[in-house]
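# Residue-level structure breakdown
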Amino acid sequence: MLGTTFLAFPAPFADAPHRLTRESAVEWFLGIPLQIVLIVVGAWLARWLIHRAIERLVDSLVARHDPTDTTTIGTVDPTPTAQLPVLKRYRRKAGRAISESGLVTTERQKARVETLGSVLRSIASVVVWGTAVLMIGDALGVNMGPVLASAGVGGVALGFGAQSLVKDFLSGMFMILEDQYGVGDFIDTGEVQGTVEEVTLRITRLRDLEGVIWYVRNGEIIRIANRSQGWNTATIDIPVSPKERPEKIIEILREVASDMYDDPEWRRKLLSPPTVAGVESITGTALTIRTFAKCQTNTHWGVQREFRERCVTALDAAGVRRPIVPAAPQTGPNPTTDPDARH
């Protein structure tokens, strides 16, 4: 009975325990364990090569959509416009007009390419390591057919037990297909505002203005405000004294807006001259004039600061009075209520 039991063992231990030698141990190690090690190393190497290929593909596509090239969209042609044929000349002019309009931006195309690259890397990792697990099971002598068959049943059970995980994956897929946002976009998820640094099928990684990293599950995002698609509007309120004449202030602000639009540094960020809308509000302490400026994406903060700085300089030069600062409330002792203050 004991000998029969030993005959049921796999080689090299199938014959008898006394045959366990160093040569047989080395032979066994060069079989299944070495095969498992080679599978793991091969999977890691395949994953690294696939990720590297995806990164090179993304870099090449981003280089084609370089935002510093405003002559055409995704095409670099050093030939002067005057030397091109008529059709190519008008195509270049049309591409320049579309790029400057902000309706189709190379930054947006770059963000979408980087988002797809991030998702492709995530999918590649799952496929490579999943295949490696199946190969390791087959090397160990496990019949993977029933395992794969039971995986379908287990997947259904997992779908009911991990509905939030399935919801995250489905939301991530639709988010990518619909191009709701991408890497580099500044978005508002309702709970946090920040720049998208990474997008996967399950989570979105954001970095807010204070540098804090947030990990948001895709299934938990109900609505998204994307501030990086198309263009932004800068809203600037300039308060002055309520005793000033509004038409005088409006004329000064219009001159400031015109000078700022003619400045080459800010002309690239402004899609049209800033518009002075007029009086926004008037109180006993301030008269507020509102101005709107249509800007390139994610540049409206700088436009607001620059416009306010120019307005302060121009208003001071014109002798315009500042808003009335209300007097601070009295904090000293009250003679009518403080008994020590009467003496």
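All of the points below concern the structure found in this document. (Residues numbered from 1 in each chain as written. Predicted model: local features only at pLDDT ≥ 70, side-chain atom pairs only at ≥ 80, totals over all residues. Heavy atoms only, no water.)

Scanning the entire structure with this criterion turns up 13 salt bridges. With its nearest N and O atoms 2.9 Å apart, the salt bridge here joins Asp263 to Arg310. Here the residue Asp263 occupies a position in the loop between helix H8 (246-262) and helix H9 (264-267), and Arg310 occupies one in helix H10 (residues 300-317), the gap between them amounting to 47 residues. With relative accessibility at 22%, the residue Arg310 sits in the partly exposed group. Between Asp316 and Arg322 there is a salt bridge, with its nearest N and O atoms 2.8 Å apart. (Salt bridge = Lys/Arg side-chain N within 4 Å of Asp/Glu carboxyl O. Helix = DSSP H or I, 4+ residues; strand = E, 2+ residues; numbered from the N terminus. Buried < 20%, exposed > 50% of the residue type's maximum accessible area, 1.4 Å probe, protein only.)

This brings us to the side chain of Asp185. Along the chain, Asp185 turns up in the loop between helix H7 (163-177) and strand S1 (186-188). Judged by relative accessible area, Asp185 falls into the buried class, the value being 3%.

Read from one edge of the open sheet, five strands run S4-S3-S2-S1-S5, paired in antiparallel fashion. Here the strands that pair on one side only, and so sit at the sheet edges, are strand S4 (213-217) and strand S5 (225-226). Two elements, strand S3 (residues 203-207) and S4, share five bridges in a ladder whose sense is antiparallel. Following the sheet pairing, Thr204 is matched in S4 by Val216. (Pairing = 2+ DSSP bridges.)

Turning next to the nonpolar core. What tends to happen in soluble globular proteins is that the nonpolar side chains get buried as a cluster. Of all hydrophobic cores here, the largest spans 24 residues; its most connected members are Ile249, Leu253, Leu270, Ile289, Val303, Phe307 and Leu315. Among the elements of the structure, strand S6 (231-240), H8, strand S8 (287-296) and H10 are those that each provide at least two residues to this core. For this core, the leading source of residues is H8, giving eight residues. With sequence-adjacent residues up to four places away left out, Leu315 is seen in contact with Ile238, Val240, Ile249, Ile252 and Val320. If you look at the next biggest cluster of nonpolar residues, it comprises 13 residues, including Val119, Val196, Leu201 and Ile221. (Core = buried A, V, L, I, M, F, W, Y, C linked by side-chain atoms within 4.5 Å. Contact = heavy atoms within 4.5 Å.)

So, about a nonpolar patch on the surface. Taken together, the side chains of Val40, Trp44, Leu45, Trp48, Leu49 and Trp129 make up a nonpolar region of the molecular surface, amounting to roughly 590 Å² of accessible area. With five residues, the top contributor of residues to the nonpolar patch is helix H3 (residues 32-64). Relative to the assigned elements, Trp44 resides in helix H3. (Patch = residues over 30% accessible without salt bridge, like charges linked within 9 Å, V, L, I, M, F, W, Y side chains within 5 Å. Areas by Shrake-Rupley, 256 points an atom, 1.4 Å probe, with all protein chains shown as cover.)

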